[in-house]
Amino acid sequence: MIYTVPLQPTAAQSMTCPIAGLQCHIWLRQLSTGLYMDLTVGTEALLRGVVCQNGTNIIRNPASLLPGRLYFTDTQGTDDPTFSGLGSRFLLHYEDDTS
């Protein structure tokens, strides 16, 4: 199953949402060098300052608390995500291992 994380087109945002039955906190921020993400699952930090790229799995540790894939897609091409297109052009997807 693929879940789309709801995002807003703002340069910095923070949200808490359930993913794979786990409480996840996502923080996104746009810097001059790209869009970056922090991800906390429960009370454990999984990612800090990871650059977001189109089609690339953000969670690269197979032993992660969050099974599956977390990735951005560009609905209009192959660009890396920028804040102005979040939630419309650039979508953040979570795909669990059952898909």
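Below you will find a few notes about this structure.

Cut-offs and rules
- Residues numbered from 1 in each chain as written.
- Predicted model: local features only at pLDDT ≥ 70, side-chain atom pairs only at ≥ 80, totals over all residues.
- Heavy atoms only, no water.
- Helix = DSSP H or I, 4+ residues; strand = E, 2+ residues; numbered from the N terminus.
- Buried < 20%, exposed > 50% of the residue type's maximum accessible area, 1.4 Å probe, protein only.
- Polar contact = N/O pair within 3.5 Å; in protein donor to acceptor, adjacent residues only side chain to side chain.
- Contact = heavy atoms within 4.5 Å.
- Phe/Tyr/Trp six-rings, centres within 6.5 Å; stacked < 30°, edge-to-face > 60°.
- Lys NZ or Arg CZ within 6 Å of the ring centre and 35° of its normal.
- Pairing = 2+ DSSP bridges.
- Axes fitted to C-alpha atoms, helices over the stretch in contact; angles between N-to-C directions.
- Salt bridge = Lys/Arg side-chain N within 4 Å of Asp/Glu carboxyl O.

Topic: the side chain of Arg29
- Along the chain, Arg29 turns up in strand E3 (residues 22-31).
- By relative accessible area, which is 16% here, Arg29 ends up buried.
- Only 3.0 Å separates the side chain of Arg29 from the side chain of Asp38, close enough to count as a polar contact.
- If sequence neighbours within four positions are ignored, Arg29 has contacts with Ala11, Ala12, Gly34, Leu35, Tyr36, Met37, Asp38 and Gly49.

Let's talk about the packing of aromatic side chains
- Under the defined criterion, the tally for this structure stands at zero aromatic pairs.
- The lysine or arginine in question, Arg29, covers the ring of Trp27, its NZ or CZ lying 4.1 Å from the ring centre.
- Taking the ring centre of Tyr71 as reference, the NZ or CZ of Arg69 above it sits at 4.1 Å.

Some points on the sheet that holds strand E1 (residues 2-5)
- The strand order across the open sheet built from three strands is E1-E7-E6, with neighbouring strands paired in antiparallel fashion. Unpaired on one side and paired on the other, E1 and strand E6 (69-74) mark the two borders of the sheet. Shown here is a sheet whose adjacent strand axes are inclined to one another by a mean of 35°, direction ignored.

Regarding the pattern of salt bridges
- This model, assessed by the stated rule, comprises four salt bridges.
- Here Glu95 and Arg69 are joined by a salt bridge, their closest N and O atoms 3.5 Å apart. Of this pair, Glu95 sits in strand E7 (residues 90-95) while Arg69 sits in strand E6, and the two are 26 residues apart along the sequence.
- Given a relative accessible area of 31%, Arg69 falls into the partly exposed group.
- Between Arg89 and Asp79 there is a salt bridge, with the nearest N and O atoms lying 2.9 Å from each other. One end of the pair, Arg89, is in the loop between E6 and E7; the other, Asp79, is in the loop between E6 and E7, with 10 residues separating them in the sequence.
- Shared partners join several salt bridges into a network, and the residues in it are Asp74, Asp79 and Arg89.

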